[in-house]
Amino acid sequence: MWNENWSQDAACLGKSDDLFVKGAEQNRAKLVCNGCTVRAECLSEALDNRIEWGVWGGMTERERRALLRRKPHVRKWREVLIQAS
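Rules used throughout
- Residues numbered from 1 in each chain as written.
- Predicted model: local features only at pLDDT ≥ 70, side-chain atom pairs only at ≥ 80, totals over all residues.
- Heavy atoms only, no water.
- Phe/Tyr/Trp six-rings, centres within 6.5 Å; stacked < 30°, edge-to-face > 60°.
- Helix = DSSP H or I, 4+ residues; strand = E, 2+ residues; numbered from the N terminus.
- Buried < 20%, exposed > 50% of the residue type's maximum accessible area, 1.4 Å probe, protein only.
- Arc of directions from axis to C-beta.
- Contact = heavy atoms within 4.5 Å.

## What to know about the packing of aromatic side chains
Then comes step 1: Within this structure, the stated rule accounts for two aromatic pairs.
Then comes step 2: Relative to tryptophan 56, the ring of tryptophan 6 has its centre 6.3 Å away and its plane inclined at 65°; by these criteria the two rings are edge-to-face. Taken as a pair, tryptophan 6 in the segment before α1 (25-29) and tryptophan 56 in the loop between α2 (39-48) and α3 (61-70) lie far apart in primary sequence, 50 residues in all. Per residue, the accessibility class of tryptophan 6 equals that of tryptophan 56, and both read buried.
Then comes step 3: Measuring from centroid to centroid gives 6.5 Å for phenylalanine 20 and tryptophan 56, while their planes differ by 85°, and the two rings are edge-to-face.

In structure tokens form, the structure reads like this:
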């Protein structure tokens, strides 16, 4: 079930500054997302809104840009992620 209020249940709640780091620190930041119950919702937010900075849904900005380039036809990532779950 999709959580519309996902940010309140995010594993990073209160630690969001830890997710806006550079370089290799991003790989450590992604660990916060492991096991997060709203990871898909978070990732959808970043992809649908083309958020360019930080770790969202376990993906760095570089990873998200690559995904968006590979799947330019996707308009609503929420729908794709719901189907995948």
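## Concerning α3
Then comes step 1: Burial in α3 covers these residues: Glu61, Arg64, Leu67 and Leu68. Down the axis of α3, the buried set is contained in an arc of 125°. They therefore lie on one face. Turned more than 90 degrees from where α3 packs its buried face, Arg62, Arg69 and Arg70 sit exposed.
Then comes step 2: Residues of α3 that are buried in the fold lie against α1, α2 and α4 (77-84).

## Points about the side chain of serine 44
Then comes step 1: With respect to the secondary-structure elements, serine 44 resides in helix α2.
Then comes step 2: For serine 44, the residues in contact, after removing those within four places along its chain, are Trp2, Asn49, Trp77, Arg78 and Leu81.

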